[in-house]
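As a plain string of letters, each chain reads:
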Protein chains: 2
Amino acid sequence: MPLDQATLDKITRRAVAEIVPEGEFIQRLQEGRPLRLKMGFDPSRPDLTLGHVVGLRKLRQLQELGHKVILIVGDWTAQIGDPSGRSTQRTMLSADEVKQNAQTYMRQFFRFVDREKTEVVWQSEWFGKFTLEDVIRLTAKFTVGQFLQREDFRKRFDAGNPIAITELLYPLLQAYDSVAIKSDVEFGGTDQKFNLLVGRDLQEKMGQRPQQCFMVPILVGTDGVTKMSKSMGNFIAVEEPPETQYGKVMSLPDTAILNYYELVTDVPEAELVEMQRAIAYGEVNPMTVKKRLAFEVVKLLNGSEHTARQAADTFERVVQRKEAPEEIPTYKLPSGPAPRLSKLLVDTGLAPSVSEARRLINQKAVEVAGAIATADEPPAGLKDGDVIRVGKRRWVRVER
Amino acid sequence: MPLDQATLDKITRRAVAEIVPEGEFIQRLQEGRPLRLKMGFDPSRPDLTLGHVVGLRKLRQLQELGHKVILIVGDWTAQIGDPSGRSTQRTMLSADEVKQNAQTYMRQFFRFVDREKTEVVWQSEWFGKFTLEDVIRLTAKFTVGQFLQREDFRKRFDAGNPIAITELLYPLLQAYDSVAIKSDVEFGGTDQKFNLLVGRDLQEKMGQRPQQCFMVPILVGTDGVTKMSKSMGNFIAVEEPPETQYGKVMSLPDTAILNYYELVTDVPEAELVEMQRAIAYGEVNPMTVKKRLAFEVVKLLNGSEHTARQAADTFERVVQRKEAPEEIPTYKLPSGPAPRLSKLLVDTGLAPSVSEARRLINQKAVEVAGAIATADEPPAGLKDGDVIRVGKRRWVRVER
C-alpha cells in the first residue's frame, strides 16, 4: 500500500537536507519492502548531542514504517580517524577504548532508535579478515584525483598541509561497509556527502543495487553560529542533567529557535509558520516560545514529560526568580582552618582549577553566605548550612 | 682489510649513476661485513635485456667481494603494476603467470649473478599474511603530497590523468620489502630513485639501519635515443639468437658505442679514452670498434667466447659479403599449386602477416631464387633448393 502524502512529506521534507537520488528513494519507500538503513558511528566520539538526534529521529520514523536500522560500529575506521571538516589527524584508540565507547554510544543511541528493529554489526566482522589483496582490489576502483576533490582534502592539499595516505582509505572502508551489509540507504550529515556517494558508487562497481544517500541538516550549536559539537563547546548533550539541557536551550539566540523547532520537534509546520509570524510582529515574547522549545527538547532527550516539567520548574525558580534550587549538593568542610576561597571552590567542584577560581572571584561571580566574595582569602566564619554560589546556577551547601 | 682504490673505483665509479648517500656506502663496503644487496624484479616483465645486465654486472662485482644478493620476486607488486615512467596502468597477472614468469626471469638472471651467493625470496612470504592493520600502519607514515612529488605521478596528476589509489601503494610495498629482508643496499635504475628512497625512509621510521640506494645508468636502446625496452622495440634480449644480438649491436648509431663499452664491458677506461680519440680523429673505422663491442656483448650475454666468434663469422659472411648463411632453415612446399607469394611468406615464417608480406614485396625486399619479386603472385617454377630471402638476413630454402 503506497504511503500517503503527509507521511511522505514527513519523511522526505522535514529535517532533510538532501536525498541522492530522491526519486529513487521515494520509489523504494513505496515498494514497501523493508529497507536496510545504514548508520555508522565513530567510537572515538561516543557522546551524542542534540545534533546527532536529528538523524536518529529520521531513523525512528522509518523504523515505524517497518524498515530496519543497521548500526555499524566503526572500530576499524576509528583507527584511522576521518579528517572530514578537520585539519589534523586524530590519534588512534585502543581496542578497549573502542569497546567501552561503543557501549556508551549505544546506551544513548537506543533512547531514540528502536532496539528491536536494529541490527548492530562491527566492522571487524569483515575488516578483521581483510587481506592485502582485498585492499588492492578496493583501492584500484578509485583515483587519487577523485578523492582530492573532497572539499577538506582539497583545501589541505592546496595549502600544502599533509594528508596521510591512510586518510584516503577512510572513505573506501566506509564505502565497503555498504557492500558488506548490503545497505539500501545510508544516513549522514551533509558533511558526509562525499563518503556516502563513494559507498553508492562502490556498490554499483561491485554489482550491488546502489544505496541512496540520505543527508540530514547540520544543527547549529547553542551559539547560533557553528555546527553543534563537543569540541566547540556549543553543544547540548544527551547525557547531561535535564536542568542543564533546559538552560542551554534557553540561552539560544532567538534566530536559532525556529530551526530547532523544525529539526528536533514534531510541532506541525502550520504552527511554526504562525510562530514565526507572531515573533516577527512582536505578538509573542520569544522567551515564551523558547520555553516551549526547551520543554520539548528535554522531553525528547530524556523520554519523559515529567523530567521536562521539573527542568522547567527549576529554571523558573532558580534562574528567573534567582532562588536557590530545592536540591543543593552539600560539601563536608574538613576540620582545621578553612582553606583559601579559591582552593575551597576547587574542592567543592564549583571551579575546575585554582586559576579559574581566582578569575571567578575577581569577576565578582562568587557569593559566600549571601555576600559577594571580594578577595581570595579563607572565608571567615563559615557556618553549617551556608551556601557558596558561583554564577547563576552552581551552588554548594557547606556542612561542618 | 680495506679495499684498494682500483676496486673501489670499479664498484663506485664505472657504470654508476648515483649512490645515496655515497660516503655511507663506501664506509659500509670498507667495514667488510657481508652486505645484503636488494634486487627486486617485476614478474610481469620476465625478459631481460642488455639494459638490465648493467645492474646485474654490478651485483656480480659485489658478490665477488663477498656480499650477498637478495632477489625479491615481486609477486604482490606485480598485481598492482608500477606506473614509473608510464602513463597508464598495467593489467593484473594470474598466480600461474607470475610463477612461470619468475622461472623465465631467474633462468636469465643467473647467467650473470652467482646463484650460490643469492637468496631468492617471494613477497608473498610477508604480504600473504599482511592485514588491514598493517596497511593502515604503513600508509600512515607517508603523505599524499610526498608521493605526488614523484615525477611521473605529478605529471599525470597535473594533466588530470587518473592515478588509482592502488598505485600509491606500490612504492610503499616495495619499501616494505626492504624492511622485510633487512636490506643494506637496494639496486635500481635512476628511474627508481623515488621508490628506493622511500625504502630507506621507511627502514629508518621502523627502527632499522637505512639502506643505501645504488642507481645504475639507463642504457640507451639500439636506436641510440630512448631507454632500451621491450615495448619500444629497441632492445637486445638476453635470450635471442647470438647472431641477432650481434647484428643489433652492429646497427647501433656510432654515438652510442662508447656508452655501451662503458656500461657493459670491462675494457679499461684508458683504452676507452684512446678509442674515443681515435674515432674522433678518423684514425679508426667505427665499424672495427663496433665489431669488438658486438663480440663482447655476445660473449657477455651467452657466457661463451666461441658463440661470440660464430656470431661474428656469420655476420661477416651473411651481411658483409651478402652470402647465404651456412645453415638456412628449410620449408617443405605442400603439393598442389603454389600459393600467392604473400601467403608463402607467412607460411614460411618470413613475414608475420599477409599485409606485412605485401608491404615487403612492394618495397622490393623479397628475392625468390635470386630474382627480386615484383608482384604478389604464385612464384612460377619453384625448384627444390631454391632460396627465398627477405631483407638482408632472413632466408628459407624450399624443399619439394
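Nothing here was measured: the structure is a model prediction, and the numbers come from that model.

Notes on the sheet that holds strand S11 (residues 394-399) of chain A
Residues and elements named next belong to chain A.
Consideration 1: If you trace the 5 strands from one edge of the open sheet to the other, you get S7-S11-S10-S8-S9, paired in mixed fashion. The open sheet has two edge strands, strand S7 (330-332) and strand S9 (371-372), and neither has a second partner.
Consideration 2: The sheet contact formed by S7 and S11 spans 3 bridges and is parallel. The residue bridging Thr-330 from the neighbouring strand is Arg-397, located in S11.

Things to note about unusual backbone geometry
Consideration 1: Between A:Val20 and A:Pro21 the backbone carries a cis peptide bond, its omega angle lying at -10°.
Consideration 2: Locating A:Pro21 in the fold gives a position in the loop between strand S1 (18-20) and helix H2 (22-31).
Consideration 3: Phi at A:Lys182 takes a positive value of approximately 50°, unusual for a residue other than glycine.
Consideration 4: Mapped onto the elements, A:Lys182 comes out in the loop between helix H10 (165-181) and strand S5 (185-189).
Consideration 5: Located in the positive-phi region is B:Ala15, a residue other than glycine, with phi close to 55°.
Consideration 6: With respect to the secondary-structure elements, B:Ala15 resides in the loop between helix H1 (5-12) and strand S1 (18-20).

Description of the relation of the copies chain B and chain A
Both copies of the chain are related through a single rotation about an axis accompanied by a shift along the same axis.
Consideration 1: Structural alignment of chain B on chain A gives an RMSD of 0.2 Å, achieved by rotating through 179° and translating 0.0 Å along the axis. Such a combination of rotation and displacement between the chain copies is what one expects of a two-fold axis. Using C-alpha coordinates, one finds that chain B approaches the rotation axis most closely at B:Thr131, a distance of 2.7 Å.

Focus on the interface of chain B and chain A
Consideration 1: In this assembly, 29 residues from chain B lie in contact with 29 residues from chain A.
Consideration 2: Taken as a group, B:Leu132, B:Ile136 and B:Ile165 account for 28% of the area that chain B buries against chain A, more than any other trio of residues on that side.
Consideration 3: The interface formed by chain B and chain A includes 0 salt bridges.
Consideration 4: Scanning the region where chain B abuts chain A turns up 10 residue pairs in polar contact (both at pLDDT 80 or more).
Consideration 5: Among the secondary structure elements, those contributing two or more residues to the side of chain B that touches chain A are helix H4 (77-80), helix H7 (132-139), helix H8 (144-147) and helix H10 (165-181) of chain B.
Consideration 6: Counting residues per element, the side of chain B that touches chain A draws most heavily on H10(B), which supplies 6 residues.

Comments concerning helix H13 (residues 257-264) of chain B
Consideration 1: The set of residues buried in H13(B) consists of B:Ile257, B:Tyr260, B:Tyr261, B:Leu263 and B:Val264.
Consideration 2: Taken together, the buried residues of H13(B) touch helix H3 (50-64), helix H14 (269-280) and helix H15 (286-302) of chain B.

Some thoughts on the packing of H10(B) against helix H11 (residues 193-205) of chain B
All names here are of chain B.
Consideration 1: The N-to-C vectors of H10 and H11 enclose an angle of 50°; their axes lie 8 Å apart at closest approach. Regarding the angle of H10 to H11, the classification is oblique. Relative to H11, H10 is oriented so that their crossing is right-handed. From H10, Tyr-170, Pro-171, Leu-172, Gln-174, Ala-175, Tyr-176, Ser-178 and Val-179 reach across to H11, where they touch Phe-194, Asn-195, Leu-196, Val-198, Gly-199, Leu-202 and Gln-203.
Consideration 2: Considered class by class, the residues forming the contact of H10 with H11 number 10 nonpolar, 5 polar and no charged.

Definitions and cut-offs
- Residues numbered from 1 in each chain as written.
- Chains lettered and ligands numbered in written order.
- Predicted model: local features only at pLDDT ≥ 70, side-chain atom pairs only at ≥ 80, totals over all residues.
- Heavy atoms only, no water.
- Pairing = 2+ DSSP bridges.
- Helix = DSSP H or I, 4+ residues; strand = E, 2+ residues; numbered from the N terminus.
- Least-squares fit on C-alpha atoms with pLDDT ≥ 70 in both.
- Contact = heavy atoms within 4.5 Å.
- Buried area = accessible area lost by both parts, 1.4 Å probe.
- Salt bridge = Lys/Arg side-chain N within 4 Å of Asp/Glu carboxyl O.
- Polar contact = N/O pair within 3.5 Å; in protein donor to acceptor, adjacent residues only side chain to side chain.
- Buried < 20%, exposed > 50% of the residue type's maximum accessible area, 1.4 Å probe, protein only.
- Axes fitted to C-alpha atoms, helices over the stretch in contact; angles between N-to-C directions.
- Parallel < 35°, antiparallel > 145°, perpendicular 65-115°, else oblique.
- Left-handed = near helix turned anticlockwise from the far one by under 90°.
- Nonpolar A, V, L, I, M, F, W, Y, C, P; charged D, E, K, R; others polar.

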